[in-house]
Amino acid sequence: MYEVTVEQPFSAAHYLKDYPGKCANVHGHNYRVQVTVEGEDLDQLGMVVEFEVIKQALKPWMDKFDHGFLNEIPPFDMVNPSAENLAKFFYDEVARAIGESTARVCCVRVFETEKCSAAYRPK
Ligand SMILES: [Zn+2]
């Protein structure tokens with residue numbers, strides 16, 4: 001099994017609705033979104049998927065979220081912008097961009113800090 005990983009940063013503010021602690025206050029993170037795509041086979045170029053495909057799938061969201069207030073940007077005006085929910089959101093977006101292919105997204109990890117991250121992977 002091959003894996004390729006792309007990491008993209010964005011900086012944004014958020015707060016966690018109904019959270020019983022400091023995270024209920026507006027604060028910011030220098031987020032990093034790490035997408036890993038896996039595949040049993042390589043294409044004619046010897047790749048699982050081009051890094052650029054993953055970057056392009058993330059780019060509109062990086063542009064929209066960077067220096068934004070996540071709680072005001074759909075779907076996070078309705079969904080709590082936790083690292084877990086962000087990871088699932090980016091998973092769905094990249095999976096849609098890759099579409100039918102021998103490659104599949106195996107994990108999306110969202111770092112809120114250097115040492116704290118949450119990941120989503122399908123079963
Ligand atoms: Zn936070």
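Residues numbered from 1 in each chain as written. Predicted model: local features only at pLDDT ≥ 70, side-chain atom pairs only at ≥ 80, totals over all residues.

Asker: How would you sum up unusual backbone geometry? Please name residues and give values.
Answerer: With omega at 5°, the peptide bond leading from Pro 74 into Pro 75 counts as cis. Even without being glycine, Asp 18 reaches a positive phi, approximately 65°. Secondary-structure assignment places Asp 18 in the loop between β1 (2-14) and β2 (27-39). Its 6 C-beta neighbours within 10 Å are what place Asp 18 among the exposed residues. A positive phi angle is found at His 67, which is not glycine, with a value near 60°. By secondary structure assignment, the location of His 67 is in the loop between α1 (51-65) and β3 (68-69). (Helix = DSSP H or I, 4+ residues; strand = E, 2+ residues; numbered from the N terminus. Buried ≥ 20, exposed ≤ 12 C-beta atoms within 10 Å, placed from the backbone.)

Asker: Give me the packing of α1 against helix α2 (residues 83-98): which residues, what numbers.
Answerer: Running from amino to carboxyl end, α1 crosses α2 at an angle of 130°, the nearest separation of the two axes being 9 Å. In terms of orientation, α1 lies oblique with respect to α2. The interaxial crossing formed by α1 with α2 has right-handed handedness. Packed against α1, whose contacting residues are Val 53, Ile 54, Ala 57, Leu 58 and Trp 61, the element α2 presents Phe 90, Glu 93, Val 94, Ala 97 and Ile 98 at the interface. Tallied by class, the residues present in the contact of α1 with α2 amount to nine nonpolar, no polar and one charged. (Axes fitted to C-alpha atoms, helices over the stretch in contact; angles between N-to-C directions. Parallel < 35°, antiparallel > 145°, perpendicular 65-115°, else oblique. Left-handed = near helix turned anticlockwise from the far one by under 90°. Contact = placed C-beta atoms within 7 Å. Nonpolar A, V, L, I, M, F, W, Y, C, P; charged D, E, K, R; others polar.)

Asker: Lay out α1 in plain terms, naming residues and giving numbers.
Answerer: Taking 1.5 Å per residue, 15 residues should reach 21 Å; α1 reaches 21 Å between its end C-alpha atoms and fits that length. Most pronounced at Leu 58, the bend in α1 amounts to some 35°, and the proline Pro 60 follows within four residues. Considered for burial, the residues of α1 that qualify are Ile 54, Ala 57, Leu 58 and Phe 65. Structurally, α1 contributes buried residues whose contacts are with β1, β2, β3 and α2. Of the residues trailing α1, His 67 is marked for its positive phi of about 60°. (Expected span 1.5 Å × (residues − 1). Bend = angle between axes of the 7 residues up to and from the residue.)

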